[in-house]
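Read off the chains here:
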Amino acid sequence: MLSHVDDAVLYEATPRGVAIVTLNRPERLNAWGPDMAPPFYAAIDRAEQDPAIRVIVLTGRGRAFCAGAHLGSSGSAPAVGDSLETAGGKTVADLVGERPPHFVTELRKPVIAAINGACVGIGLTQALMCDIRFAAAGAKFAAVFARRGLVAEFGISWILPRLTGWGVALDLLLSGRTFLADEAARLGLVKEVVAPADLMARVLEYAEDIAQNCSPAALSVIKRQAYADTGRDVVAATADAEALMWEALPRPDVIEGIVSFLQKRPPRFPPLDS
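Attention in this report is confined to the structure presented alongside it. These figures come from a predicted structure and were not determined experimentally.

### Considering helix 6 (residues 166-175)
Helical periodicity: at 3.6 residues per turn, an α-helix aligns residues three or four positions apart in one direction.
Move 1: The complete set of buried residues in helix 6 reads Ala169, Leu172 and Leu173. The arc that holds the buried residues of helix 6, viewed along the axis, is 95 degrees, so those residues lie on one side. Away from its buried face, by an angle of more than 90 degrees, helix 6 presents the exposed residues Gly167 and Leu174.
Move 2: Where helix 6 is buried, its residues meet helix 5 (156-164) and strand 10 (178-180).
Move 3: One or two steps after helix 6, the chain reaches Gly176, where phi turns positive at roughly 65 degrees.

Dropping the structure here:
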């Protein structure tokens, strides 16, 4: 079912438990602006709270995933100084929205980015904060902050080295260079590169397999473990995993997972409660 959370963001729920959240400003390459933030948060919250939704897919409409922050047209260049002076009196929330991109790492449900085109600046940060990424062949990526006189914004200096290693992260951040989807995959930023016409079909195939065959409760805990353990040593991570395992054993998900395996049938895991 396709619906508009707002005309800046589209929301669709598939019959197999996947929510598709689509950035819908194709005329400006889905560049991020304050008009997009509230409906985006509303769409993500809707998917997170719906027990029928087990996986969230984020994509863009048109030729771009998100081509960075909305800076205006080339005709507005003479007024940039005045605009920045005005922006100095505002909060970050006024300019880009109240939630930093890493909020998707705190959701209970997996978030998959279907990168259909240009993925730049804050768009790149948002994509990297998703749990898994697929990209259309030829999609362009860039961490352009240094080329705009900006710093590494919104947590990209935290997530990028964890995905690629320090050397690659510093190359991308300090050069601000453009690279394509195939290189993004080699660097570990993207799981898979797909022909543009096949991107959403492939992402939905992957997402619906998770939605139909993985326990929502287990997904929620595993996701929380993965991000929390980035700041722990192996002893603490192992101790936490042991405690979580004992908590999980009485849950119906474990029984259903084992019984469905032995009976060679698809599992029927209960949904997360709201």
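On we go.
### So, unusual backbone geometry
Move 1: With a phi close to 55 degrees, Asn30 is a non-glycine residue in the positive phi region.
Move 2: Mapped onto the fold, Asn30 is located in the loop between strand 3 (18-23) and helix 1 (37-49).

### Brief notes about the sheet that holds strand 5 (residues 64-67)
Move 1: Here we have four strands laid out as an open sheet, ordered 5-7-9-10, and mixed in their pairing. Looking at strand neighbours, the two that pair on one side only are strand 5 and strand 10, the edges of this open sheet. Neighbour to neighbour, the strand axes of the sheet diverge by 25 degrees on average, direction disregarded.
Move 2: Note that strand 7 (residues 118-120) and strand 9 (residues 140-142) share two bridges and pair parallel. Bridging across to strand 9, Cys119 finds its partner in Phe141.

### Quick look at the pairing of strand 2 (residues 9-13)
Move 1: Pairing analysis gives five bridges linking strand 2 to strand 3, with the strands arranged antiparallel. By the bridge assignment, Glu12 is partnered in strand 3 with Ile20.
Move 2: Here strand 2 hands over to strand 3 after four residues, with Gly17 in that stretch at a positive phi of 90 degrees.

Reading the values: rules and limits
- All residue numbers refer to positions counted from 1 along the written sequence of the respective chain.
- At least 70 in pLDDT is required for a residue's local features to be given in this predicted model, at least 80 for side-chain atom pairs to be given and counted, and no such filter applies to totals for whole chains, interfaces and linings, which use all residues.
- Heavy atoms throughout the structure, all of them, feed into the side-chain values; hydrogens and water do not.
- Residue burial is assigned from relative accessible area. The probe radius is 1.4 Å, only protein chains are included, and a residue is buried under 20% of its type maximum, exposed over 50%, and partly exposed in between.
- The helix and strand labels rest on DSSP assignments: H or I over at least four residues marks a helix, E over at least two residues marks a strand, and numbering proceeds from the N terminus.
- It is the directions from the helix axis to the C-beta atoms whose arc is reported.
- A contact between two residues is defined here by any heavy atoms of the two lying within 4.5 Å.
- In this description, strands pair whenever DSSP reports at least two bridges between them.
- Axis definition: a line fitted to C-alpha atoms, limited for helices to the stretch in contact. Angles are taken between N-to-C directions and run from 0 to 180 degrees.

Geometry only, nothing functional implied.
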